[in-house]
Amino acid sequence: MSALLSTAPRVLTALPLAIDPAEVLRFQGYKKSADVPGPDVRALFDEALALGRSLMAPRAVVRWLPVSRQSADAIEAGDATLAIPDVGRLWGPVEWIAAAVCTIGDELERRAAELWEARELPLASMLDSVGSGAVESLAEYVNDLLCQEAIPLGLPVTNRVSPGYGSWDVAQQRALFGVCPGDAIGVRLNEACFMTPVKSISLLAAAGAGARVDHYFSQCARCWMRDCAYRRTAAHKTVHR
Ligand code: SF4
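None of the values given here were measured: they were computed from a predicted structure. (Residues numbered from 1 in each chain as written. Predicted model: local features only at pLDDT ≥ 70, side-chain atom pairs only at ≥ 80, totals over all residues.)

Student: Honestly, the site of the ligand in this entry has me stumped. Any pointers?
Tutor: Taken together, the neighbourhood of the ligand is formed by D144, C147, Q148, I151, Q219, C220, C223, M225, C228, Y230 and R231. Elements supplying a minimum of two residues to the shell around the ligand: α5 (121–150) and α7 (217–222). For the shell around the ligand, the element with the most residues is α5, which contributes 3 residues. Here the shell around the ligand is composed, by residue class, of 7 nonpolar, 2 polar and 2 charged. (Near = placed C-beta within 6 Å. Helix = DSSP H or I, 4+ residues; strand = E, 2+ residues; numbered from the N terminus. Nonpolar A, V, L, I, M, F, W, Y, C, P; charged D, E, K, R; others polar.)

Printed below as a string of structure tokens:
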């Protein structure tokens, strides 16, 4: 196993993040291919995006850890047991996990709340969607960054999973934060395991020579790493500015 992946938590700031408009519009109820927004919606989106960009501070904390044990429904690394249903089949054999917490901070949600109070509902709603789209793009950005770190070592990286999504219990946020605490970027868990600021995403991915990643061409499709010998499909768009 390579020892070249950093096992210390690392804070990433000043990330050159591009926000995917389709992701923002998805939060407004648009389906990616079928619905085309009209000029009014597009203008509102542009206004909310400009406002949102001035209010968000994308940052992330990431940490790699070697896997000490893997079973059909769990991965052990460090002191943590990450109980993820069916992970053995979904990811195949993995040698490393990467845990990360990402946030855009709380300024945007505060401004959106003020706009709701002032009954500026369309802008408030679109600004909230910009925040949701931004933090999703940030999580994709971090996922791609992790692959760029591991792939030169011959270790493809899986797609991300998050506690509370799919079949992974939200209570596992505590185990994930045990691996990679969010304090360094100001993200905390409440009693119900929800994060503050709200526009935050915690994620787990894994790397291994035999990791199952072939079902996930969309990762390569948005990755900005040029000349990657492992690229599985051409880049179509990117979350890198
Ligand atoms: S092109 Fe694909 S395999 Fe290569 S670093 Fe990017 S996401 Fe990973």
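Next, the rest of the story.
Student: Help me out: how do you make sense of the nonpolar core in this one?
Tutor: Within soluble globular proteins, side chains that are nonpolar generally end up buried alongside one another. Membership of the largest hydrophobic core comes to 65 residues, with the highest contact counts inside it found for A98, A100, L138 and V142. Among the elements that line this core, the one with the most residues is α5, at 13 residues. In this structure L138 touches L17, P58, A60, C102 and I104, once residues within four positions along its chain are discounted. (Core = buried A, V, L, I, M, F, W, Y, C linked by C-beta atoms within 7 Å. Buried ≥ 20, exposed ≤ 12 C-beta atoms within 10 Å, placed from the backbone. Contact = placed C-beta atoms within 7 Å.)

Student: I would appreciate a short explanation of the pairing of strand β3 (residues 74–77) in the present structure.
Tutor: Across a regular strand the side chains alternate sides, sitting on one face of the sheet and then on the other. Residues of β3 alternate between two faces, with I75 and A77 buried on one and A74 and E76 left unburied on the opposite face. Relative to β3, strand β2 (residues 59–71) runs antiparallel, the two being bridged by 4 bridges. Opposite Q70, over in β3, you have I75 as the bridge partner. Connecting the antiparallel pair β2 and β3 is a turn made up of 2 residues. Pairing of β3 with strand β4 (residues 80–83), which is carried by 4 bridges, proceeds in the antiparallel orientation. Within β4, the position partnered with A77 by the bridge is A80. (Pairing = 2+ DSSP bridges.)

These figures capture arrangement, not role.
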